[in-house]
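The chain contents come next:
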Amino acid sequence: MSLTSETSDTSEPRPAEQTEHAPPSPPVERSTWASLRPLVLRLHFYAGVFVAPFLFVAAVTGLLYAGSFQAEKIVYAHELNVPVGKSELPIADQVAAARKAHPEGDISAVRPSPEAGATTRVMLSGVPGVDADYTLAVFVNPYNGEVRGALEQYGSTGALPLRTWIDELHRDLHLGQVGRLYSEFAASWMWVIAGGGLVLWFGRRRSRRAIRGATGRRRTLSLHGSVGVWAALGLFFLSATGLTWSTYTGANITDLRAALGQTTPTVSATVTPGGEHAGHDMAGMEGMEGMEGMDMGGAGAEKGGGDVGLNAVLKSARAEGLSNPVEIVPPADSSSAYVVQQIQRSWPEKQDAVAVDPASGEVTDEVRFADYPVLAKLSRWGIDLHTGNLFGLVNQIALAALALAVVLLIVWGYRMWWQRGRGSAFGRPVPRGAWQHVPPYVLVPLMAVIALLGYFVPLLGVPLAAFMLCDIALGEIAYRRGKRTYAPTA
């Protein structure tokens, strides 16, 4: 990872009789790649050594998360599934059954049964003993109103306790905001390590890539390189999408999207007594956890204030083409509308949303996923692919394979470090001083790009700058002690 190199000149001096009258040799011109390779090798080596523990944790927890979707279906089968009945009760009656069993808190959202044999979820916020960032999901049999149970739920994907625990382990190691820096650090460096390895692999002669017949470090290198090449595209993707909702880089990405006019559009939930609406202030699904909601118990239409009720609201949304699965968010106050949004994160995405006036049942605003800006669509698809939602089980298997590949790459990487040592020297480092031989026309633009990336991705730039300063300082100390050696120039 450092940008300086240290090695002994191991070439043997020529005998005096061979060099006494020999003309001076012309300087050897190195190709750009020959100059860059030691630099890339050192970056790849040191980044791998120091970042690998964070990547290892992210890979192992990511592997667990990839399997959590299927585990959730098994562990919570009683709450999630019911025998298919002849007809479903009106949604307002299902909510009334949930409120009878759990009158605490406020209704923050309702997710009608998305398919035959699936329960309806009524989400309650402000429930004593439930964290403000979570809701209590009450599971109702849509055919007879039986309450099948209640579980804490988190996030717009409706993660239940098992998946939530694994998700938080992967995201922040259950350490809160401070813990999130570990995952951002790993994501910031993953693409650098993968890119460096890819460049080194294709820079090697094809004849040196074969695994068959190789032994020792060369075999480990071949395995490490081969798996790395196959996994590289996936690692780039995980790194890029992981950074989109990170603390610092994620904020920079959000600001960039806003500057480019590529933010995710939101449906307006503001209405006036006359039915007019203004301001797109309800972000559909995202950020609903913990939102204070109106109590929609009973049939809804019987409530005061002329509320048409859930049945009419859902009917209006269906008339606008919002098919299952959907989520209904109640009005936040007397000047707000119901928001009904599709919540399908699998392909094809369903993210259309409408606002429905609680007084008249008329749709006052709509947002269609087809009208999202390009970057908003890419962000949605990227996040859903990263979290294993976009292509379901196939997506989750692919993520598990990528996570396993990262684990193997790290194990082989450390093994190569061990095999590279001589005698008692463990993990002989890559030499210092490589940057001195990079042509200025390559080095100057390269440093400019690194500086720009370091500013935009702070957990890449700050550690890189710190390591460079430490490495230069160590090199200067070695020089003053007369122990400094230089990278070969040819």
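Residues numbered from 1 in each chain as written. Predicted model: local features only at pLDDT ≥ 70, side-chain atom pairs only at ≥ 80, totals over all residues. Heavy atoms only, no water.

Novice: What exactly am I supposed to notice about the overall build of the chain here?
Specialist: From N to C terminus, the chain includes 13 helices and eight strands. In the chain, which comprises 490 residues, the proportion classed as buried is 47%. Long-range contacts, defined here as pairs at least 24 residues apart, represent 64% of the contacts in the chain between residues at least 6 apart. Summing over all exposed atoms, the chain offers an accessible surface of approximately 24700 Å²; the carbon and sulfur share of this is 63%. (Helix = DSSP H or I, 4+ residues; strand = E, 2+ residues; numbered from the N terminus. Buried < 20%, exposed > 50% of the residue type's maximum accessible area, 1.4 Å probe, protein only. Contact = heavy atoms within 4.5 Å. Areas by Shrake-Rupley, 256 points an atom, 1.4 Å probe, with all protein chains shown as cover.)

Novice: Looking at this model, I keep getting lost on a nonpolar patch on the surface. Mind explaining?
Specialist: Where nonpolar side chains cluster on the molecular surface, the patch consists of F56, V57, V60, L64 and V411 and spans about 350 Å² of accessible area. It is helix 2 (residues 32-75) that contributes the most residues to the nonpolar patch, four residues altogether. With respect to the helices and strands, V411 occurs in helix 11 (residues 392-420). (Patch = residues over 30% accessible without salt bridge, like charges linked within 9 Å, V, L, I, M, F, W, Y side chains within 5 Å. Salt bridge = Lys/Arg side-chain N within 4 Å of Asp/Glu carboxyl O.)

Novice: Can you walk me through the packing of aromatic side chains in this structure?
Specialist: Where two aromatic rings form a pair, the distance of their centres and the angle of their planes describe that pair. All told, the structure shown has 13 aromatic pairs when counted by the stated rule. Both rings, one in F54 and one in F185, keep their centres 4.9 Å apart while their planes meet at 75°; by these two values the pair is edge-to-face. With a gap of 131 residues between them, F54 in helix 2 and F185 in helix 6 (residues 176-203) connect regions that are remote in the sequence. Taking the relative accessible area as the measure of exposure, F54 reaches 34% and is therefore partly exposed. (Phe/Tyr/Trp six-rings, centres within 6.5 Å; stacked < 30°, edge-to-face > 60°.)

Novice: What's the story with helix 9 (residues 310-319) in this structure? I'm lost.
Specialist: Residue pairs spaced three or four apart in an α-helix point in one direction, given the helix's 3.6 residues per turn. Within helix 9, the full set of buried residues consists of L310, V313, L314, S316 and A317. The buried residues of helix 9 occupy an angular sector of 155° when the element is viewed end-on, so they sit on one face. For helix 9, the exposed residues set more than 90 degrees away from the buried face come down to K315 and A319. On its buried face, helix 9 is in contact with helix 4 (91-101), strand 5 (326-329), strand 6 (338-342), strand 7 (353-356) and strand 8 (363-367). Looking one or two residues past helix 9, G321 carries a phi angle of roughly 90°, positive in sign. (Arc of directions from axis to C-beta.)

Novice: How do you make sense of helix 6 when you look at a structure like this?
Specialist: Taking 1.5 Å of rise per residue, the 28 residues of helix 6 would be expected to cover 40 Å, and the 42 Å separating its terminal C-alpha atoms lies within 8% of that figure. By the largest-angle criterion, W189 marks the main kink of helix 6, which is about 30°. (Expected span 1.5 Å × (residues − 1). Bend = angle between axes of the 7 residues up to and from the residue.)

Novice: Help me out: how do you make sense of the nonpolar core in this one?
Specialist: In summary, soluble globular proteins display a tendency toward joint burial of nonpolar side chains. Within the largest apolar cluster, 32 residues are counted, with the highest numbers of intra-cluster contacts made by V51, L55, W189 and L235. For this core, the secondary-structure elements that each account for two or more residues are helix 2, helix 6, helix 7 (216-244), helix 11 and helix 13 (458-480). The element best represented in this core is helix 6, accounting for nine residues. In contact with V51, not counting residues within four places along its chain, are F185, W189 and I193. Listed in part, the 25 residues of the second largest apolar core include I91, L314, V326 and I328. (Core = buried A, V, L, I, M, F, W, Y, C linked by side-chain atoms within 4.5 Å.)

Novice: Please clarify how the side chain of T249 should be interpreted in this entry.
Specialist: Tracing the backbone through its elements, the reader meets T249 in helix 8 (residues 248-259). Residue contacts for T249: discarding those within four places in its chain leaves E184, L243, F456, V457 and P458.

Novice: How should the confidence of the model for the chain be read in this particular structure?
Specialist: When pLDDT is low, close inspection of the predicted coordinates is not appropriate. Per-residue pLDDT for the chain has a mean of 84; in total, 79% of the residues score no lower than 70. Here residues 1-22 is modelled with pLDDT under 50, and outside its nearest four sequence neighbours on either side it reaches 46 contacts, counting other chains as well. In this model residues 275-304 is a low-confidence stretch, pLDDT under 50, and it forms 92 contacts with partners more than four residues away in sequence or in other chains. (pLDDT = per-residue confidence, 0-100.)

Novice: Would you take a moment to explain the environment of E168 for this structure?
Specialist: The topology assignment puts E168 in helix 5 (residues 161-172). Residues within four places of E168 in sequence aside, it is in contact with Y134, L173 and H174.

Novice: Mind showing me how you'd approach the pairing of strand 1 (residues 106-111) here?
Specialist: For a regular strand, side-chain orientation follows a simple rule: the groups alternate between the two sheet faces. For strand 1, a buried count of five out of six residues is recorded, marking the element as mostly surrounded by other parts of the structure. With five bridges joining them, strand 1 and strand 2 (residues 120-125) adopt antiparallel strand pairing. When the sheet's bridge partners are listed, I107 is paired in strand 2 with L124. (Pairing = 2+ DSSP bridges.)

Novice: So what exactly am I meant to see when it comes to the side chain of N395 here?
Specialist: Mapped onto the secondary structure, N395 falls in helix 11. Under the relative-accessibility criterion, N395 is labelled buried at 5%. In terms of polar contacts, N395 uses its side chain to reach the backbone carbonyl oxygen of L385, at 3.1 Å. Among the polar contacts listed, one links the side chain of N395 to the backbone nitrogen of F391, at a separation of 3.4 Å. Residue contacts for N395: discarding those within four places in its chain leaves D384, L385, G388, N389 and L390. (Polar contact = N/O pair within 3.5 Å; in protein donor to acceptor, adjacent residues only side chain to side chain.)

Novice: Help me understand the packing of helix 2 against helix 11, please; the structure alone is not making it clear to me.
Specialist: Two packed helices can be described by the angle between their axes and the distance between those axes. With their axes 8 Å apart at the nearest point, helix 2 and helix 11 run at an angle of 155° to one another. It follows that helix 2 is roughly antiparallel to helix 11 by the angle criterion. Of the two possible hands of crossing, helix 2 and helix 11 adopt the one that is left-handed. (Axes fitted to C-alpha atoms, helices over the stretch in contact; angles between N-to-C directions. Parallel < 35°, antiparallel > 145°, perpendicular 65-115°, else oblique. Left-handed = near helix turned anticlockwise from the far one by under 90°.)

Novice: How should the pattern of salt bridges be read in this particular structure?
Specialist: Close approach of charged atoms allows side chains with opposite charge to pair. All chains considered together, the criterion is met by nine salt bridges. The shortest N-O distance in the salt bridge between E327 and R111 comes to 2.7 Å. Pair noted here: E327 is in strand 5 and R111 is in strand 1, with a separation of 216 residues, a long-range link. Under the relative-accessibility criterion, E327 is labelled buried at 3%.

Novice: Can you help me understand the pairing of strand 7 in this one?
Specialist: Where burial is concerned, the two faces of strand 7 agree: the one with A353 and A355 and the one with V354 and V356 are both buried. Relative to strand 7, strand 6 runs antiparallel, the two sharing four bridges. From the neighbouring strand, V340 faces strand 7, where its bridge partner is V354. Direction of pairing for strand 7 relative to strand 8: antiparallel, over a ladder of four bridges. When the sheet's bridge partners are listed, A353 is paired in strand 8 with V367. Counting the residues in the hairpin turn of strand 7 and strand 8 gives six residues, including G361, whose phi is positive at 80°.

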